[in-house]
Amino acid sequence: MYKFLLTLLLTFIFTIPTFSQNKIDWTNLKFKNDSTGQNVEYKITIEDGTTIYGILQRLTSEQLFIETNELGILALDIDRIKSINPRDSESNEIETDRPMVGVNHYLIAPSPYSLEQDEFNLQFSEIFLFSSWYGISDNFTLGGGFTLIPAIDFSDQLFYLIPKVSFDLSPGIRASAQLTHLIAEGESTSLLSITTGFGKPDSHFSIGYTTSLSDNVGGAINSGIVLRATKKLGFLFDGYFFTDESDENLIGFGLRFIGRSSSFDFGFLSVPGSGVGSVPWINYTIRL
């Protein structure tokens, strides 16, 4: 089983170039509606720099159909579209870049989103967890970090490596495979998380499954929700729900305060039924 899952992960990594990365927020686009007379003209930029102006007709899983004045109806491959913006409306331009720092994580559970190519994030969790993330491509992010717990030698700290591949299944649906490799006091363990998200990077719901590649133990359903309520505030909920009844579930909930190049998460982690109560948890993420 271990070799099969590892082979599956490596297959994901080496087939990254075949996956299309499309960061357009399709849910906010306005398509032609004859019953209401809705005809919004858009400026569409193709990956080779070509610009086309037209009215959006309909969208399929592979193509966008637009109506132009010069060429009539055109069918454009969605994986070749770089951006779509309302014509002559710079102030209302639809975001094609991710507006929120931290879309690649919730409080604790894995998110289906990666960083963009060449994007670099630093993250500080609590006061002793240090992480960094780098977007090698739009589909592959490499992350890792370590703890700095007082009174423990550096060689005895926890170290971790977290590569993640992600890709669009269809507009508004994104999937990822994340490997978490942990090393502590000479011992190592690995976890594989497969996650699918529905929605936009800053407002979506995700569900997946996490399993151990090192030990013959039960897995957990991982889930997360992020809801951006305003430009500077979002709500977070995530957790691990273990399939083995002897294991206690782990749930996180909190707020995300959003800046131009950083985000600050403040929430609580809880193990229902343990009698421990909720423990405060913070993440501070900086985009460099």
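Residues numbered from 1 in each chain as written. Predicted model: local features only at pLDDT ≥ 70, side-chain atom pairs only at ≥ 80, totals over all residues. Heavy atoms only, no water.

Caption draft 1: Geometry of the sheet that holds strand β13 (residues 220–228). If you walk around this closed barrel you meet the twelve strands as β6-β7-β8-β9-β10-β11-β12-β13-β14-β15-β16-β17, and the pairing is antiparallel. Strand-to-strand twist in this sheet, taken as the mean axis angle between neighbours without regard to direction, amounts to 20°. As judged from the eight bridges shared by strand β12 (residues 203–212) and β13, these two strands associate in the antiparallel manner. Its bridge partner being in β13, His204 is matched across the sheet by Val226. (Pairing = 2+ DSSP bridges. Helix = DSSP H or I, 4+ residues; strand = E, 2+ residues; numbered from the N terminus. Axes fitted to C-alpha atoms, helices over the stretch in contact; angles between N-to-C directions.)

Caption draft 2: Spatial organisation of the pattern of salt bridges. For the coordinates displayed, the defined rule picks out seven salt bridges. Its salt-bridge partner being Arg228, residue Asp202 comes within 3.4 Å of it at the nearest N-O pair. On the criterion of sequence distance, the pair formed by Asp202 in the loop between β11 (187–200) and β12 and Arg228 in strand β13 is long-range, its members being 26 residues apart. Overall, Asp202 belongs to the buried group, its relative accessible area being 12%. Residue Arg256 pairs with Asp265 through a salt bridge whose shortest N-O separation is 2.6 Å. Take Arg256 and Asp265: they sit in the same class, and that class is buried. Put simply, Glu47, Asp48 and Arg80 are held in one network by salt bridges that share partners. (Salt bridge = Lys/Arg side-chain N within 4 Å of Asp/Glu carboxyl O. Buried < 20%, exposed > 50% of the residue type's maximum accessible area, 1.4 Å probe, protein only.)

Caption draft 3: Structural view of the packing of aromatic side chains. Inspection of every chain in the model, using the stated rule, returns eight aromatic pairs. Centroid distance Phe124 to Phe130: 5.5 Å. Interplanar angle 90°. Geometry classified as edge-to-face. Clustering of aromatic rings is evident, with ring pairs tying together Phe124, Phe130, Phe146, Phe154 and Phe159. Over the aromatic face of Phe65 sits the side chain of Arg58, whose NZ or CZ is 4.0 Å from the ring centroid. (Phe/Tyr/Trp six-rings, centres within 6.5 Å; stacked < 30°, edge-to-face > 60°. Lys NZ or Arg CZ within 6 Å of the ring centre and 35° of its normal.)

Caption draft 4: A look at the nonpolar core. Counting residues in each nonpolar core, the largest one holds 15 residues, and the members touching the most others are Trp26, Ile44, Leu64, Ile66, Ile81 and Ile84. Looking at this core element by element, the count peaks at three residues for strand β1 (residues 41–46). Met100, Val103, Tyr240 and Trp281 belong to the second largest nonpolar core, which has 13 residues in total. (Core = buried A, V, L, I, M, F, W, Y, C linked by side-chain atoms within 4.5 Å.)

Caption draft 5: Spotlight on the sheet that holds strand β3 (residues 63–68). An order of β4-β3-β2-β1-β5 is seen for the five strands of this open sheet, with the pairing classed as antiparallel. Strand pairing shows two members of the sheet lacking a second neighbour, β4 (72–77) and β5 (81–86), which therefore form its edges. Shown here is a sheet whose adjacent strand axes are inclined to one another by a mean of 45°, direction ignored. Strand direction decides the pairing type here: strand β2 (residues 51–59) and β3, joined by four bridges, are antiparallel. In the sheet register, Ile55 faces β3, and the bridge partner there is Glu67.

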